[in-house]
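So the chains spell out like this:
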Amino acid sequence: MSTANGKMYLWESVQVSEGLRHLGPAAMAEYQRMIAADWAPIARPDRGMVLVATWSVSAMLGPSPWCLNLWEHEGWDGLAEILYAQYSNQDQQTVDLDKRLEGWFARANRIRTRVRDRMLSPSAHTPTLEQLLARGTSGGVYYHECVQVAPGRAAEYQQRLHVQWQPEAEHLGLQLVGCYKTEMRNDSEVVVIWALRDFAHWAAVEAALGVDPAALRWQAATAGLVENVETWLLTPDARSPLQTGRLP
Amino acid sequence: LPVPNAKAYHWEYVDLAAGIANLGTPARGAWFAHMAGEAPGRRQRGARLVGLWGEIGITGEWPMHLALWEYDDLAALARAAAMADAEERALPASAEDAASRLAVQGQGKWLRPADFCPTLDDLLAARVSGSVYYHQTVRLAPRAAADYLRRVESDWLPLARRLGLQLVGAYASGLGNAAEAILIWALRDFDHWQAVERANADPDVARWRASLGGVARDWRNVLLFPGPQSPLQSGRPP
(Lines give C-alpha, C1' and ligand atoms only; values in the text may rest on other atoms or scores of the structure.)
Protein backbone atom coordinates (compact mmCIF):
# COMPACT_ATOMS: atom_id res chain seq x y z
CA MET A 1 0.00 0.00 0.00
CA SER A 2 1.53 3.32 -0.96
CA THR A 3 1.01 6.48 1.04
CA ALA A 4 -0.26 9.82 -0.25
CA ASN A 5 3.12 11.20 -1.25
CA GLY A 6 4.74 7.76 -1.47
CA LYS A 7 6.80 8.29 1.70
CA MET A 8 6.65 7.30 5.34
CA TYR A 9 8.22 9.24 8.18
CA LEU A 10 10.03 8.22 11.32
CA TRP A 11 9.50 10.69 14.16
CA GLU A 12 12.34 10.13 16.56
CA SER A 13 12.48 12.05 19.82
CA VAL A 14 15.60 11.65 21.92
CA GLN A 15 16.40 12.57 25.50
CA VAL A 16 19.96 13.82 25.31
CA SER A 17 21.42 12.97 28.69
CA GLU A 18 23.57 10.35 30.30
CA GLY A 19 21.10 8.58 32.54
CA LEU A 20 20.59 10.83 35.53
CA ARG A 21 23.21 13.23 34.30
CA HIS A 22 22.03 16.18 32.25
CA LEU A 23 24.96 16.91 30.00
CA GLY A 24 23.97 20.44 29.07
CA PRO A 25 23.51 22.25 25.76
CA ALA A 26 26.90 21.22 24.37
CA ALA A 27 25.85 17.56 24.39
CA MET A 28 22.70 18.45 22.47
CA ALA A 29 24.81 20.18 19.82
CA GLU A 30 27.13 17.18 19.63
CA TYR A 31 24.25 14.73 19.27
CA GLN A 32 22.67 16.78 16.51
CA ARG A 33 26.04 17.03 14.77
CA MET A 34 26.28 13.23 14.90
CA ILE A 35 22.80 12.95 13.37
CA ALA A 36 23.15 15.57 10.65
CA ALA A 37 26.83 15.36 9.77
CA ASP A 38 27.84 11.78 10.61
CA TRP A 39 24.76 9.61 10.18
CA ALA A 40 22.46 11.33 7.69
CA PRO A 41 24.95 11.32 4.76
CA ILE A 42 25.40 7.54 5.25
CA ALA A 43 21.77 6.78 6.02
CA ARG A 44 20.48 8.11 2.72
CA PRO A 45 22.50 5.93 0.32
CA ASP A 46 22.80 2.91 2.62
CA ARG A 47 19.33 2.77 4.15
CA GLY A 48 17.14 5.02 2.06
CA MET A 49 16.33 7.11 5.12
CA VAL A 50 16.58 10.82 4.45
CA LEU A 51 16.89 13.34 7.24
CA VAL A 52 14.27 16.07 6.97
CA ALA A 53 15.50 17.92 10.02
CA THR A 54 16.96 17.61 13.48
CA TRP A 55 15.53 20.07 15.96
CA SER A 56 15.86 20.68 19.67
CA VAL A 57 12.81 21.46 21.76
CA SER A 58 13.06 24.99 23.11
CA ALA A 59 13.66 24.48 26.84
CA MET A 60 11.48 27.45 27.72
CA LEU A 61 8.58 26.03 25.74
CA GLY A 62 8.62 22.27 26.06
CA PRO A 63 10.42 19.32 27.57
CA SER A 64 14.19 19.41 27.86
CA PRO A 65 16.72 18.12 27.03
CA TRP A 66 14.97 16.55 24.05
CA CYS A 67 15.68 16.68 20.37
CA LEU A 68 13.47 15.59 17.50
CA ASN A 69 14.67 14.01 14.27
CA LEU A 70 12.34 13.55 11.32
CA TRP A 71 13.35 10.97 8.71
CA GLU A 72 11.72 10.32 5.35
CA HIS A 73 11.54 6.72 4.09
CA GLU A 74 10.43 5.06 0.87
CA GLY A 75 7.02 4.04 2.18
CA TRP A 76 6.40 1.06 4.42
CA ASP A 77 9.02 -0.92 2.49
CA GLY A 78 11.62 1.58 3.56
CA LEU A 79 10.68 1.25 7.21
CA ALA A 80 10.81 -2.53 6.96
CA GLU A 81 14.29 -2.25 5.45
CA ILE A 82 15.76 -0.47 8.47
CA LEU A 83 14.10 -2.96 10.80
CA TYR A 84 15.73 -5.86 8.93
CA ALA A 85 19.06 -4.11 9.23
CA GLN A 86 18.79 -3.79 12.98
CA TYR A 87 16.88 -6.91 13.97
CA SER A 88 18.16 -9.71 11.74
CA ASN A 89 20.91 -10.44 14.19
CA GLN A 90 19.26 -12.85 16.63
CA ASP A 91 21.63 -12.45 19.56
CA GLN A 92 21.37 -8.64 19.49
CA GLN A 93 24.94 -8.29 20.70
CA THR A 94 25.46 -5.73 18.00
CA VAL A 95 22.95 -3.04 17.20
CA ASP A 96 23.22 -3.14 13.43
CA LEU A 97 24.30 -5.54 10.72
CA ASP A 98 26.70 -2.89 9.49
CA LYS A 99 29.69 -3.10 11.81
CA ARG A 100 30.87 0.28 10.62
CA LEU A 101 28.09 1.79 12.66
CA GLU A 102 29.19 0.32 15.97
CA GLY A 103 31.34 3.30 16.80
CA TRP A 104 28.51 5.71 15.99
CA PHE A 105 26.05 3.85 18.20
CA ALA A 106 28.59 3.57 21.02
CA ARG A 107 29.15 7.33 21.00
CA ALA A 108 25.47 8.17 20.60
CA ASN A 109 24.41 5.91 23.42
CA ARG A 110 26.74 7.70 25.81
CA ILE A 111 24.77 10.90 25.40
CA ARG A 112 21.22 9.69 24.94
CA THR A 113 19.09 8.02 27.58
CA ARG A 114 15.70 7.47 26.02
CA VAL A 115 14.16 7.45 22.55
CA ARG A 116 10.44 7.70 21.85
CA ASP A 117 9.38 7.13 18.27
CA ARG A 118 6.31 7.33 16.10
CA MET A 119 5.71 6.12 12.58
CA LEU A 120 3.93 8.77 10.57
CA SER A 121 2.06 8.58 7.29
CA PRO A 122 1.66 11.81 5.33
CA SER A 123 -1.61 13.48 4.47
CA ALA A 124 -2.66 13.88 0.84
CA HIS A 125 -1.14 17.36 0.66
CA THR A 126 2.03 16.87 2.68
CA PRO A 127 5.05 17.68 0.52
CA THR A 128 8.01 15.36 0.26
CA LEU A 129 11.39 16.65 1.38
CA GLU A 130 12.38 17.30 -2.22
CA GLN A 131 9.22 19.37 -2.69
CA LEU A 132 9.92 21.27 0.53
CA LEU A 133 13.44 22.07 -0.67
CA ALA A 134 12.19 23.09 -4.10
CA ARG A 135 9.69 25.47 -2.47
CA GLY A 136 12.31 26.85 -0.10
CA THR A 137 10.30 25.90 2.99
CA SER A 138 12.42 26.77 5.99
CA GLY A 139 12.15 28.53 9.33
CA GLY A 140 14.14 29.97 12.17
CA VAL A 141 11.81 28.13 14.54
CA TYR A 142 9.18 25.44 14.00
CA TYR A 143 5.79 24.88 15.53
CA HIS A 144 5.14 21.23 16.36
CA GLU A 145 1.58 20.25 17.16
CA CYS A 146 0.56 16.84 18.41
CA VAL A 147 -3.21 16.74 18.02
CA GLN A 148 -5.33 14.11 19.74
CA VAL A 149 -8.58 13.65 17.86
CA ALA A 150 -11.63 11.48 18.39
CA PRO A 151 -10.83 7.83 17.59
CA GLY A 152 -10.91 7.04 13.89
CA ARG A 153 -11.07 10.67 12.75
CA ALA A 154 -7.43 11.51 12.03
CA ALA A 155 -7.93 11.56 8.24
CA GLU A 156 -10.94 13.86 8.62
CA TYR A 157 -8.86 16.27 10.70
CA GLN A 158 -6.08 16.23 8.12
CA GLN A 159 -8.45 16.90 5.26
CA ARG A 160 -10.14 19.75 7.11
CA LEU A 161 -6.80 21.25 8.11
CA HIS A 162 -5.74 21.50 4.47
CA VAL A 163 -9.06 23.00 3.36
CA GLN A 164 -10.10 25.15 6.30
CA TRP A 165 -6.93 26.09 8.16
CA GLN A 166 -3.84 25.88 5.98
CA PRO A 167 -4.79 28.85 3.74
CA GLU A 168 -5.52 30.97 6.82
CA ALA A 169 -2.35 29.81 8.57
CA GLU A 170 -0.36 30.81 5.52
CA HIS A 171 -1.80 34.31 5.85
CA LEU A 172 -0.23 34.36 9.32
CA GLY A 173 3.10 33.42 7.73
CA LEU A 174 3.09 29.75 8.70
CA GLN A 175 4.58 27.38 6.13
CA LEU A 176 3.42 23.78 6.29
CA VAL A 177 6.24 21.27 6.62
CA GLY A 178 3.92 18.32 6.99
CA CYS A 179 0.70 16.93 8.35
CA TYR A 180 1.00 13.32 9.40
CA LYS A 181 -1.14 10.63 10.94
CA THR A 182 0.45 8.54 13.68
CA GLU A 183 0.29 4.93 12.60
CA MET A 184 -0.07 1.88 14.86
CA ARG A 185 -2.83 3.63 16.83
CA ASN A 186 -6.56 4.03 16.38
CA ASP A 187 -6.35 6.89 13.89
CA SER A 188 -6.56 9.31 16.79
CA GLU A 189 -3.40 11.39 16.50
CA VAL A 190 -2.11 13.88 13.96
CA VAL A 191 1.29 15.57 14.01
CA VAL A 192 1.55 18.91 12.24
CA ILE A 193 4.79 20.82 11.73
CA TRP A 194 4.97 24.43 10.56
CA ALA A 195 7.95 26.64 9.78
CA LEU A 196 8.01 30.16 11.24
CA ARG A 197 10.46 32.95 10.60
CA ASP A 198 11.80 33.38 14.14
CA PHE A 199 10.82 33.66 17.79
CA ALA A 200 9.25 37.07 17.25
CA HIS A 201 7.06 35.59 14.53
CA TRP A 202 6.09 32.81 16.94
CA ALA A 203 5.05 35.34 19.58
CA ALA A 204 2.93 37.17 17.00
CA VAL A 205 1.29 33.93 15.83
CA GLU A 206 0.69 32.79 19.40
CA ALA A 207 -1.08 36.05 20.14
CA ALA A 208 -3.05 35.90 16.88
CA LEU A 209 -4.36 32.41 17.60
CA GLY A 210 -6.36 33.85 20.48
CA VAL A 211 -7.97 36.71 18.54
CA ASP A 212 -7.68 36.16 14.78
CA PRO A 213 -11.20 35.52 13.42
CA ALA A 214 -10.02 32.78 11.04
CA ALA A 215 -8.12 31.04 13.84
CA LEU A 216 -11.14 31.22 16.12
CA ARG A 217 -13.34 29.86 13.33
CA TRP A 218 -10.95 26.93 12.84
CA GLN A 219 -10.89 26.19 16.56
CA ALA A 220 -14.68 26.31 16.72
CA ALA A 221 -15.00 24.15 13.62
CA THR A 222 -12.95 21.38 15.21
CA ALA A 223 -14.80 21.35 18.53
CA GLY A 224 -15.78 17.79 19.28
CA LEU A 225 -13.16 16.51 16.86
CA VAL A 226 -10.03 17.73 18.64
CA GLU A 227 -9.58 16.37 22.14
CA ASN A 228 -6.18 17.79 23.02
CA VAL A 229 -3.25 19.59 21.46
CA GLU A 230 0.30 19.54 22.77
CA THR A 231 2.54 22.08 21.12
CA TRP A 232 6.30 22.42 21.24
CA LEU A 233 8.49 25.10 19.77
CA LEU A 234 11.47 23.62 17.94
CA THR A 235 14.72 25.23 16.95
CA PRO A 236 16.61 23.71 14.02
CA ASP A 237 20.16 22.51 13.85
CA ALA A 238 21.87 24.50 11.09
CA ARG A 239 22.94 21.30 9.30
CA SER A 240 19.34 20.12 8.83
CA PRO A 241 18.31 19.82 5.17
CA LEU A 242 15.48 22.28 5.74
CA GLN A 243 18.15 24.79 6.80
CA THR A 244 20.83 24.03 4.21
CA GLY A 245 18.32 23.63 1.37
CA ARG A 246 20.10 20.45 0.26
CA LEU A 247 19.54 16.73 0.62
CA PRO A 248 21.99 15.13 3.07
CA LEU B 1 -10.69 49.70 37.61
CA PRO B 2 -7.52 47.65 37.99
CA VAL B 3 -5.39 47.36 34.86
CA PRO B 4 -5.52 43.85 33.32
CA ASN B 5 -2.26 41.98 33.68
CA ALA B 6 -0.64 41.97 30.21
CA LYS B 7 2.59 40.21 31.24
CA ALA B 8 3.78 36.79 30.08
CA TYR B 9 5.16 34.16 32.45
CA HIS B 10 7.71 31.40 32.02
CA TRP B 11 6.91 28.34 34.15
CA GLU B 12 10.11 26.36 34.53
CA TYR B 13 9.63 22.94 36.09
CA VAL B 14 12.82 21.09 36.85
CA ASP B 15 13.64 17.55 37.89
CA LEU B 16 16.63 17.49 40.26
CA ALA B 17 16.98 13.72 40.08
CA ALA B 18 20.72 14.20 39.98
CA GLY B 19 20.36 15.01 43.66
CA ILE B 20 19.44 11.41 44.35
CA ALA B 21 22.72 10.19 43.00
CA ASN B 22 25.09 12.97 43.84
CA LEU B 23 23.87 15.65 46.15
CA GLY B 24 21.23 14.29 48.49
CA THR B 25 18.71 16.64 50.06
CA PRO B 26 21.00 19.70 49.78
CA ALA B 27 20.27 19.62 46.05
CA ARG B 28 17.15 21.65 46.81
CA GLY B 29 19.12 24.36 48.53
CA ALA B 30 21.81 24.24 45.88
CA TRP B 31 19.21 24.73 43.16
CA PHE B 32 17.54 27.62 45.01
CA ALA B 33 20.95 29.29 45.35
CA HIS B 34 21.85 28.59 41.74
CA MET B 35 18.60 30.01 40.37
CA ALA B 36 18.83 33.07 42.60
CA GLY B 37 22.31 33.57 41.20
CA GLU B 38 20.92 33.35 37.68
CA ALA B 39 18.25 35.96 38.30
CA PRO B 40 20.41 39.03 37.55
CA GLY B 41 21.53 37.56 34.22
CA ARG B 42 17.99 36.68 33.26
CA ARG B 43 16.87 40.14 34.36
CA GLN B 44 19.03 41.50 31.54
CA ARG B 45 16.99 39.34 29.19
CA GLY B 46 13.77 40.80 30.49
CA ALA B 47 12.87 38.18 33.12
CA ARG B 48 11.92 39.00 36.70
CA LEU B 49 11.94 36.15 39.17
CA VAL B 50 8.57 35.75 40.89
CA GLY B 51 9.31 32.68 42.93
CA LEU B 52 11.36 29.56 43.50
CA TRP B 53 9.76 26.52 45.02
CA GLY B 54 10.34 22.85 45.66
CA GLU B 55 7.46 20.42 45.38
CA ILE B 56 6.61 18.84 48.73
CA GLY B 57 7.10 15.15 48.11
CA ILE B 58 4.19 13.67 50.02
CA THR B 59 1.78 15.82 48.01
CA GLY B 60 3.41 15.33 44.62
CA GLU B 61 6.80 14.37 43.30
CA TRP B 62 10.23 14.73 44.76
CA PRO B 63 12.62 16.18 43.59
CA MET B 64 10.61 18.46 41.30
CA HIS B 65 11.16 22.21 41.49
CA LEU B 66 9.56 25.27 40.01
CA ALA B 67 10.78 28.70 39.02
CA LEU B 68 8.33 31.35 37.81
CA TRP B 69 9.55 34.30 35.75
CA GLU B 70 7.67 37.39 34.65
CA TYR B 71 8.20 39.18 31.30
CA ASP B 72 6.71 42.44 30.11
CA ASP B 73 4.82 40.61 27.39
CA LEU B 74 5.01 37.60 25.09
CA ALA B 75 7.32 39.37 22.65
CA ALA B 76 9.81 39.91 25.49
CA LEU B 77 9.59 36.26 26.45
CA ALA B 78 10.18 35.28 22.81
CA ARG B 79 13.28 37.51 22.66
CA ALA B 80 14.64 35.79 25.76
CA ALA B 81 13.98 32.34 24.25
CA ALA B 82 15.80 33.38 21.08
CA MET B 83 18.79 34.65 23.08
CA ALA B 84 18.94 31.47 25.17
CA ASP B 85 18.81 29.31 22.04
CA ALA B 86 21.54 31.30 20.30
CA GLU B 87 23.80 31.19 23.36
CA GLU B 88 23.36 27.46 23.81
CA ARG B 89 24.14 26.75 20.16
CA ALA B 90 27.31 28.84 20.37
CA LEU B 91 28.74 26.87 23.30
CA PRO B 92 31.87 24.83 22.62
CA ALA B 93 31.48 21.05 22.82
CA SER B 94 33.46 20.94 26.07
CA ALA B 95 31.33 23.54 27.83
CA GLU B 96 30.12 22.64 31.32
CA ASP B 97 26.78 23.97 32.40
CA ALA B 98 26.21 24.58 36.11
CA ALA B 99 22.44 24.09 35.92
CA SER B 100 22.93 20.81 34.13
CA ARG B 101 24.91 19.45 37.06
CA LEU B 102 21.81 19.88 39.24
CA ALA B 103 18.93 19.09 36.93
CA VAL B 104 18.21 16.00 34.87
CA GLN B 105 15.34 17.28 32.82
CA GLY B 106 12.75 19.98 32.73
CA GLN B 107 9.54 21.22 31.25
CA GLY B 108 8.93 24.79 30.15
CA LYS B 109 5.61 26.51 29.52
CA TRP B 110 4.57 30.02 28.82
CA LEU B 111 1.60 31.18 30.83
CA ARG B 112 -0.92 33.83 29.86
CA PRO B 113 -2.17 35.62 32.98
CA ALA B 114 -5.85 36.12 33.66
CA ASP B 115 -6.87 39.78 33.64
CA PHE B 116 -7.22 39.68 37.43
CA CYS B 117 -3.86 37.93 37.99
CA PRO B 118 -1.56 40.16 40.06
CA THR B 119 1.79 41.21 38.64
CA LEU B 120 4.96 40.78 40.68
CA ASP B 121 4.80 44.46 41.62
CA ASP B 122 1.20 43.98 42.78
CA LEU B 123 2.24 40.97 44.86
CA LEU B 124 5.10 42.81 46.52
CA ALA B 125 2.99 45.88 47.18
CA ALA B 126 0.29 43.73 48.79
CA ARG B 127 2.95 41.71 50.69
CA VAL B 128 1.57 38.44 49.39
CA SER B 129 3.65 35.68 50.91
CA GLY B 130 3.30 32.27 52.47
CA SER B 131 5.39 29.71 54.25
CA VAL B 132 3.81 27.15 51.93
CA TYR B 133 2.14 27.49 48.52
CA TYR B 134 -0.68 25.65 46.79
CA HIS B 135 -0.09 24.90 43.09
CA GLN B 136 -3.06 23.73 41.05
CA THR B 137 -2.87 22.35 37.53
CA VAL B 138 -6.37 22.17 36.10
CA ARG B 139 -7.11 20.13 32.98
CA LEU B 140 -10.01 21.68 31.11
CA ALA B 141 -12.28 20.99 28.18
CA PRO B 142 -10.71 22.17 24.90
CA ARG B 143 -10.63 26.00 24.66
CA ALA B 144 -12.22 26.40 28.08
CA ALA B 145 -9.35 28.23 29.79
CA ALA B 146 -10.77 31.73 29.47
CA ASP B 147 -14.20 30.62 30.65
CA TYR B 148 -12.68 28.77 33.60
CA LEU B 149 -10.59 31.74 34.69
CA ARG B 150 -13.63 34.02 34.51
CA ARG B 151 -15.44 31.61 36.81
CA VAL B 152 -12.46 31.58 39.16
CA GLU B 153 -12.61 35.34 39.40
CA SER B 154 -16.34 35.60 39.92
CA ASP B 155 -17.16 32.46 41.88
CA TRP B 156 -14.04 31.08 43.53
CA LEU B 157 -11.89 34.06 44.40
CA PRO B 158 -14.32 35.45 47.01
CA LEU B 159 -14.57 32.03 48.63
CA ALA B 160 -10.83 31.46 48.46
CA ARG B 161 -10.22 34.79 50.17
CA ARG B 162 -12.65 33.80 52.88
CA LEU B 163 -10.50 30.70 53.39
CA GLY B 164 -7.42 32.88 53.73
CA LEU B 165 -5.89 31.93 50.39
CA GLN B 166 -3.85 34.70 48.80
CA LEU B 167 -3.73 34.62 45.01
CA VAL B 168 -0.21 34.55 43.59
CA GLY B 169 -1.23 33.82 40.04
CA ALA B 170 -3.98 32.57 37.73
CA TYR B 171 -2.89 31.60 34.25
CA ALA B 172 -3.90 29.80 31.08
CA SER B 173 -1.13 27.60 29.71
CA GLY B 174 0.01 28.89 26.33
CA LEU B 175 0.68 26.55 23.41
CA GLY B 176 -1.88 23.79 22.92
CA ASN B 177 -5.64 24.25 22.84
CA ALA B 178 -6.30 26.42 25.90
CA ALA B 179 -7.19 23.36 27.94
CA GLU B 180 -5.05 23.93 31.01
CA ALA B 181 -5.01 26.50 33.77
CA ILE B 182 -2.51 26.96 36.58
CA LEU B 183 -3.34 28.63 39.89
CA ILE B 184 -0.86 29.42 42.64
CA TRP B 185 -1.89 30.48 46.13
CA ALA B 186 0.03 31.47 49.24
CA LEU B 187 -0.89 29.79 52.52
CA ARG B 188 0.20 30.69 56.03
CA ASP B 189 1.41 27.26 57.10
CA PHE B 190 0.51 23.57 57.14
CA ASP B 191 -2.33 24.10 59.60
CA HIS B 192 -3.80 26.56 57.15
CA TRP B 193 -3.36 24.01 54.39
CA GLN B 194 -5.22 21.30 56.27
CA ALA B 195 -8.03 23.73 57.03
CA VAL B 196 -8.29 24.48 53.31
CA GLU B 197 -8.44 20.77 52.52
CA ARG B 198 -11.15 20.23 55.14
CA ALA B 199 -13.13 23.08 53.60
CA ASN B 200 -13.92 20.84 50.63
CA ALA B 201 -16.85 19.72 52.78
CA ASP B 202 -18.08 23.32 53.05
CA PRO B 203 -21.36 23.63 51.05
CA ASP B 204 -20.16 26.73 49.18
CA VAL B 205 -16.92 25.01 48.17
CA ALA B 206 -18.80 21.89 47.16
CA ARG B 207 -21.12 24.03 45.01
CA TRP B 208 -18.13 25.67 43.34
CA ARG B 209 -16.60 22.30 42.53
CA ALA B 210 -19.90 20.92 41.25
CA SER B 211 -20.34 23.96 39.02
CA LEU B 212 -17.22 23.01 37.07
CA GLY B 213 -18.73 19.93 35.46
CA GLY B 214 -18.11 20.07 31.72
CA VAL B 215 -15.38 22.70 32.15
CA ALA B 216 -12.75 21.27 34.49
CA ARG B 217 -12.01 17.64 33.79
CA ASP B 218 -9.36 17.00 36.38
CA TRP B 219 -6.96 18.82 38.60
CA ARG B 220 -3.78 18.09 40.43
CA ASN B 221 -2.84 20.05 43.53
CA VAL B 222 0.58 20.00 45.14
CA LEU B 223 2.18 21.92 47.95
CA LEU B 224 5.28 23.95 47.27
CA PHE B 225 7.99 24.93 49.70
CA PRO B 226 9.45 28.36 48.90
CA GLY B 227 13.11 29.13 48.42
CA PRO B 228 14.21 31.87 50.81
CA GLN B 229 15.66 33.84 47.90
CA SER B 230 12.23 34.18 46.27
CA PRO B 231 11.05 37.78 46.00
CA LEU B 232 7.78 36.69 47.62
CA GLN B 233 9.79 35.62 50.68
CA SER B 234 12.21 38.50 50.86
CA GLY B 235 9.57 41.05 49.94
CA ARG B 236 12.03 42.73 47.61
CA PRO B 237 12.00 42.86 43.81
CA PRO B 238 14.70 40.67 42.24
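Please refer to the structure placed before this passage.
Computed from a predicted model, the values in this text were never measured in an experiment.

The rules we used
Residues numbered from 1 in each chain as written. Chains lettered and ligands numbered in written order. Predicted model: local features only at pLDDT ≥ 70, side-chain atom pairs only at ≥ 80, totals over all residues. Heavy atoms only, no water. Contact = heavy atoms within 4.5 Å. Buried area = accessible area lost by both parts, 1.4 Å probe. Salt bridge = Lys/Arg side-chain N within 4 Å of Asp/Glu carboxyl O. Polar contact = N/O pair within 3.5 Å; in protein donor to acceptor, adjacent residues only side chain to side chain. Helix = DSSP H or I, 4+ residues; strand = E, 2+ residues; numbered from the N terminus. Nonpolar A, V, L, I, M, F, W, Y, C, P; charged D, E, K, R; others polar. Buried < 20%, exposed > 50% of the residue type's maximum accessible area, 1.4 Å probe, protein only. Axes fitted to C-alpha atoms, helices over the stretch in contact; angles between N-to-C directions. Parallel < 35°, antiparallel > 145°, perpendicular 65-115°, else oblique. Left-handed = near helix turned anticlockwise from the far one by under 90°. Pairing = 2+ DSSP bridges. Core = buried A, V, L, I, M, F, W, Y, C linked by side-chain atoms within 4.5 Å. Arc of directions from axis to C-beta. Bend = angle between axes of the 7 residues up to and from the residue. Disulfide = S-S within 2.5 Å.

Caption draft 1: Representation of the interface of chain B and chain A in the model. At the interface, 39 residues of chain B touch 35 residues of chain A. In total, about 2800 Å² of surface goes out of reach between chain B and chain A, with carbon and sulfur atoms giving 58% of it. For the pair chain B and chain A, the number of links is zero salt bridges. The tally of links between chain B and chain A comes to 13 residue pairs in polar contact (both at pLDDT 80 or more). Looking at the side of chain B that touches chain A, the elements that each hand over two or more residues are helix 1 (18-23), helix 3 (74-89) and strand 4 (105-113) of chain B. Here the side of chain B that touches chain A takes ten residues from helix 3 of chain B, the largest share from any one element. Residue composition of the side of chain B that touches chain A, grouped by class: 21 nonpolar, nine polar and nine charged.

Caption draft 2: Structural detail: the pattern of salt bridges. Residue and element names in this part refer to chain A. In the structure shown here, the tally under the stated rule is 24 salt bridges over all chains. Arg 107 serves as the salt-bridge partner of Asp 38, at 3.6 Å between the closest nitrogen and oxygen. Residue Asp 38 is found in helix 1 (residues 25-47), and its partner Arg 107 is found in helix 3 (residues 102-110); the two are separated by 69 residues along the sequence. When its relative accessible area of 22% is taken as the criterion, Asp 38 is described as partly exposed. Taking relative accessible area as the criterion, Arg 107 reaches 33% and is therefore assigned partly exposed. Each of Glu 30, Arg 33, Asp 38 and Arg 107 takes part in one network of salt bridges that share partners.

Caption draft 3: The packing of helix 5 (residues 154-171) of chain A against helix 7 (residues 213-221) of chain A, seen in detail. Residues and elements named next belong to chain A. Look at helix 5 against helix 7: their axes get within 9 Å of each other, and the N-to-C directions meet at 165°. The angle between helix 5 and helix 7 falls in the class roughly antiparallel. Handedness of the crossing formed by helix 5 with helix 7: right-handed. Of helix 7, the residues touching helix 5 (which contributes Tyr 157, Arg 160, Leu 161, Gln 164, Trp 165 and Glu 168) are Ala 214, Ala 215, Arg 217, Trp 218 and Ala 221. In the contact of helix 5 with helix 7, the residues fall into seven nonpolar, one polar and three charged.

Caption draft 4: Just the sheet that holds strand 8 (residues 189-196) of chain A, in detail. Residues and elements named next belong to chain A. Strand order in the closed barrel formed by eight strands is 1-4-2-9-6-8-7-5, and the pairing between neighbours is antiparallel. Taking each pair of neighbouring strands and ignoring which way they run, the sheet shows an average axis angle of 35°. Taken strand by strand, helix 6 (residues 199-208) contacts strand 6 (141-149), strand 8 and strand 9 (226-236), and its axis lies near 35° from that of strand 6.

Caption draft 5: Expanded view of the nonpolar core. Residues and elements named next belong to chain B. Formed by 56 residues in total, the largest nonpolar core has its most connected members in Leu 68, Leu 140, Tyr 148, Leu 149, Trp 156 and Trp 185. Tallying contributions element by element places helix 6 (residues 145-162) first for this core, with eight residues. Residues in contact with Tyr 148, not counting those within four places in the same chain, are Val 138, Leu 140, Ala 181, Leu 183, Trp 208, Leu 212, Val 215 and Ala 216.

Caption draft 6: Examining helix 3 of chain A more closely. Burial in helix 3 of chain A covers these residues: Trp 104, Phe 105 and Ala 108 of chain A. End-on view of helix 3 of chain A: buried residues confined to an arc of 95°, all on one side of the axis.

Caption draft 7: The side chain of Ser 188 of chain A, seen in detail. All names here are of chain A. One can find Ser 188 in the loop between strand 7 (175-182) and strand 8. The exposure class of Ser 188 is buried, given its relative accessible area of 10%. Among the polar contacts listed, one links the side chain of Ser 188 to the side chain of Asn 186, at a separation of 2.6 Å.

Caption draft 8: The pairing of strand 6 (residues 166-173) of chain B, seen in detail. Residue and element names in this part refer to chain B. For strand 6, the buried fraction is high: seven of the eight residues fall into the buried class. Here three bridges tie strand 4 to strand 6, and the two strands are oriented antiparallel to one another. From the neighbouring strand, Arg 112 faces strand 6, where its bridge partner is Ala 172. The pairing of strand 6 with strand 7 (residues 180-187) spans six bridges and is classified as antiparallel. Residue pairing across strands places Leu 167 opposite Trp 185, the latter belonging to strand 7. Hairpin connection of strand 6 to strand 7: six residues between the antiparallel strands, including Leu 175 at a positive phi of 60°.

Caption draft 9: Geometry of helix 1 of chain A. When the local axis directions of helix 1 of chain A are compared, the greatest deviation, roughly 50°, occurs at Trp 39 of chain A, which is followed within four positions by the proline Pro 41 of chain A. Positioned one or two residues after helix 1 of chain A, Gly 48 of chain A has a phi angle of 70°, which is positive.

Caption draft 10: Here's a closer look at the state of the cysteines. Within the structure shown, the criterion is met by zero disulfides over all chains. Note on Cys 146 of chain A: no disulfide assigned, nearest cysteine sulfur contributed by Cys 179 of chain A at a separation of 12 Å.

Bear in mind that shape data such as this cannot, by itself, settle questions of function.
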